[in-house]
Amino acid sequence: MNLNLASAALKKYFGFDQFRPLQADIIRNVFDGKDTLVLMPTGGGKSLCYQIPAVTLEGVAVVVSPLIALMKDQVEGLSANGIPAAFINSSLSLDQQRNVENALMAGYVKLLYVSPEKLVSQNFQPLLKRLKITLFAIDEAHCISAWGHDFRPEYTQLRFLKAQFPGIPVIALTATADKLTRKDIISQLGLADPSVFIASFDRPNISLTVRPGQKRFEQMVDFLKSRQNQSGIIYCLSRKGCESLAEKLNARGFKSDFYHAEVPPARRSKVQEDFINDRTPIICATIAFGMGIDKSNVRFVVHYNLPRNLEGYYQEIGRAGRDGLASDALLFFSYADLLSYREMIDQGEAGAEQKALKLAKLERMYQFAEAPVCRRKTVLNYFGEPYDGQCGNCDVCKNPPRHFDGTVAAQKALSAIARTGQRVGMNLLVDILRGSNRREIFEHNYHQIKTYGAGKEYGYDDWLYLLSQMLHIGLIEIAYDDHNCLRVTDEGKKILFDGKKVSLAMPLAKPKPSERMSAPKVVEKSKTQLQKEELLARLQHLRREMAIQQGIPPYTLFSDVTLQQMSERRPLTDAEILEIEGVSERKLQLYGDAFIREIRRFVLEKSASGERLTGSTHFITYDMYMNGKSVEEIAGERGFSTLTIMNHLATMYERGELLQIDQWLSPEANDIIQGALPLFEEPFPLKPIFDHFSERYSYDEIRWAIADYRRARETATK
Ligand code: ADP
Ligand code: ZN
């Protein structure tokens, strides 16, 4: 099987022009019948690695998938592209299952999704034995590992596949990269000398922002204002937190709903459906939400509270921007979050070792939030992927900290800690430094110590920022076993008593939250930009209407990428719309007309109101011609030469529009001119051809012959 066939299938069934990095190598490996392990981040494009072989090879590919919702989503997506796919799991009635089995036996199904329980069950074996299986794909393969975070015992029985079907390639796919899990997958599945493909885990289209959690609701509102109608998930710590946040957001006019483990199942699926179908843009959820949702146009993920560890953080933000378009990950953190998690871990059931591990991961999470280092670099390094340089798409890179001689500031803080007898925590210390009138200060006579009010030059947040750095570089520590009071370390004493210097990072003068959180303001949008946005809104509307009719999610009908490209390039013919990413042949058949019609209407309206649209001129001519105007009339009205008008019409003809051309070009002249075309090269300059025939044919005739030649060639390559 060669890769050209794979590329052709990529275009035909998915409407994509190119494979992403590694996809082609992986597919070649599967074609070679070899076992394969694929590690790619969420949104990396794993599915195509087995779907392309599945549609090009003869037989059926069996895909093991742990989640019913995910199977449904995948099968819907494939069907929308005209690929016969089906699933078998516990959600099917006996009748439905029999239908699927019949379709399988008739050789009609190219991809069969099954749950692991079903696949290993005894009564499934006879069917399995009778099918012509091309490959086994094990999705979410990390579920096989007891070390992983999502262990599923049924997965461990999948080893029978290699034993029972030794010649059939197995491709295991996961977004969990650690070495232990990797080894486990290979050994548990009994893969034979597999090729392992590891993609970069960077998700450059997701911008990473971390903010201190003070006034987070107002910050949240600011953030949402510039993201009206976009889909997003807000992760909260508690069930109550989800509910109250959703309520507050609704009260402020941001349509949202909540989702957590105690919401009854029926209501949970409704919330999920409404999110998928763009009816509810915002979901406030505990981490239970998002697993098994393949929605490609989630534009932001917010952590309203600190996540428990970087693994969770990265997995959750990975749900944003699967379509590759710019998306946001915003994280709020506070010291209070850290403390409440710590308490939860302490009081939890886990053994001492487990607790220590959890605490260590939590610390790392908090450090990530606090450290003034490029976020992407920090997180990728944590996952063992070296990342050099600055990403340019995180809050630290966009607003780099300034370092200053922090000795005096540190001395003030250290001195205040010492003079309170090391009896205060972070917040009270800041209040002392800033000279607050808080009651506790007077109760303990802290207003009488020398450093009371000595730190007014820094704001509250600035002090927290400075103190956390002092904590990280070891000038102070926190007595977790003693009300979280601050202590001066030996290193701190050197600063306080020996005059040792320390350099600290100071955030730049902070813009107001409203300026920081909103999308960068474009001073004045260009005409082209406005036109694009207007058309995009119209196409989105059309997508929603049609998706409702078809009973599929809008992003399955066309992705955001596809609509963006349409609004930019304004395809006006079948040939043009086929060049848009994500327009497969099937989708052209089903939806092409409706979208082309909408774009044409847009173009005509704009041109009627005198707006200029680049790249649409040939269509405007065509429309006038189809409305009965002669070439001369159009030339007069539009102020072009008749040759230009003729050229517009020829362009439309080339792209498949039905026009009678006999009146401009006789069949004989057509034959003769086309016969000579191979002597010349694209883009067929008219003058040399004109000269070649010693002026026997007019420029118009030559132009038409070229158009006819190109049109025929287009149809031939299809
Ligand atoms: P994963 O399973 O790794 O999370 P998916 O297979 O769902 O990722 O792919 C993520 C998105 O990327 C989907 O919207 C998919 O259509 C798109 N995609 C995958 N491969 C390509 C490609 N070669 N060209 C363009 N888009 C692609
Ligand atoms: Zn960065």
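All values derive from a computational prediction rather than experimental measurement.

Engineer: Quick question: what am I supposed to make of the sheet that holds strand β8 (residues 206-212) here?
Structural biologist: Picture the strands of a sheet paired through backbone hydrogen bonds; they go either parallel or antiparallel. A sheet is described by the order of its strands in space; here six strands give the open sequence β8-β13-β12-β9-β11-β10, paired in parallel fashion. The outermost strands of the open sheet, each flanked by one partner alone, are β8 and β10 (256-259). Averaged over all adjacent pairs, the angle separating strand axes in this sheet is 15°, with direction ignored. Taken together, the seven bridges between β8 and strand β13 (residues 327-333) define a ladder with parallel strand orientation. Across the sheet, residue L208 finds its bridge partner in β13, namely A329. Against the sheet, helix α10 (residues 216-225) engages β8, β9 (231-235), β11 (282-285), β12 (298-303) and β13, with an angle of about 170° to β13.

Engineer: Looking at this model, I keep getting lost on the coordination of the zinc ion (ligand 2). Mind explaining?
Structural biologist: Each angle at a metal carrying four tetrahedral donors should ideally be 109.5 degrees, and each at a metal carrying six octahedral donors should ideally be 90 or 180 degrees. Taken together, C374 (SG), C391 (SG), C394 (SG) and C397 (SG) make up the protein donors of the zinc ion (ligand 2), found 2.3 to 2.4 Å from the metal. Relative to the metal, the four donor atoms surrounding the zinc ion (ligand 2) lie at angles of 104 to 118°, and the coordination shape comes out tetrahedral. Along the chain, the residues that donate to the zinc ion (ligand 2) are spaced as C-x16-C-x2-C-x2-C. On the criterion of sequence distance, the pair formed by C374 in the loop between α15 (352-370) and α16 (375-382) and C391 in the loop between α16 and α17 (395-398) is long-range, its members being 17 residues apart. A relative accessible area of 2% places C374 in the buried class.

Engineer: How should the domain arrangement of the chain be read in this particular structure?
Structural biologist: Structurally, the chain comprises domain 1 (3-198), domain 2 (206-370) and domain 3 (403-505). Here domain 2 and domain 3 have C-alpha centroids that lie 32 Å from each other. Summed over both sides, the interface between domain 2 and domain 3 buries roughly 740 Å², with carbon and sulfur atoms accounting for 54% of that surface. For domain 2, the biggest contributors to the area lost against domain 3 are Q214, Y335 and E370; these three give 66% of the whole. Residue assignment for the side of domain 2 that touches domain 3 shows that the elements contributing at least two residues are α14 (335-347) and α15. Across the side of domain 2 that touches domain 3, the residue classes break down as two nonpolar, two polar and three charged.

Conventions used here
- Residues numbered from 1 in each chain as written.
- Chains lettered and ligands numbered in written order.
- Predicted model: local features only at pLDDT ≥ 70, side-chain atom pairs only at ≥ 80, totals over all residues.
- Heavy atoms only, no water.
- Pairing = 2+ DSSP bridges.
- Helix = DSSP H or I, 4+ residues; strand = E, 2+ residues; numbered from the N terminus.
- Axes fitted to C-alpha atoms, helices over the stretch in contact; angles between N-to-C directions.
- Contact = heavy atoms within 4.5 Å.
- Donors = N, O, S within 2.8 Å, 3.2 Å for Na, K, Ca; no water.
- Tetrahedral: all angles 85-135°; square planar, octahedral: opposite > 155°, others 65-115°.
- Buried < 20%, exposed > 50% of the residue type's maximum accessible area, 1.4 Å probe, protein only.
- Domains from an automatic or database assignment.
- Buried area = accessible area lost by both parts, 1.4 Å probe.
- Nonpolar A, V, L, I, M, F, W, Y, C, P; charged D, E, K, R; others polar.

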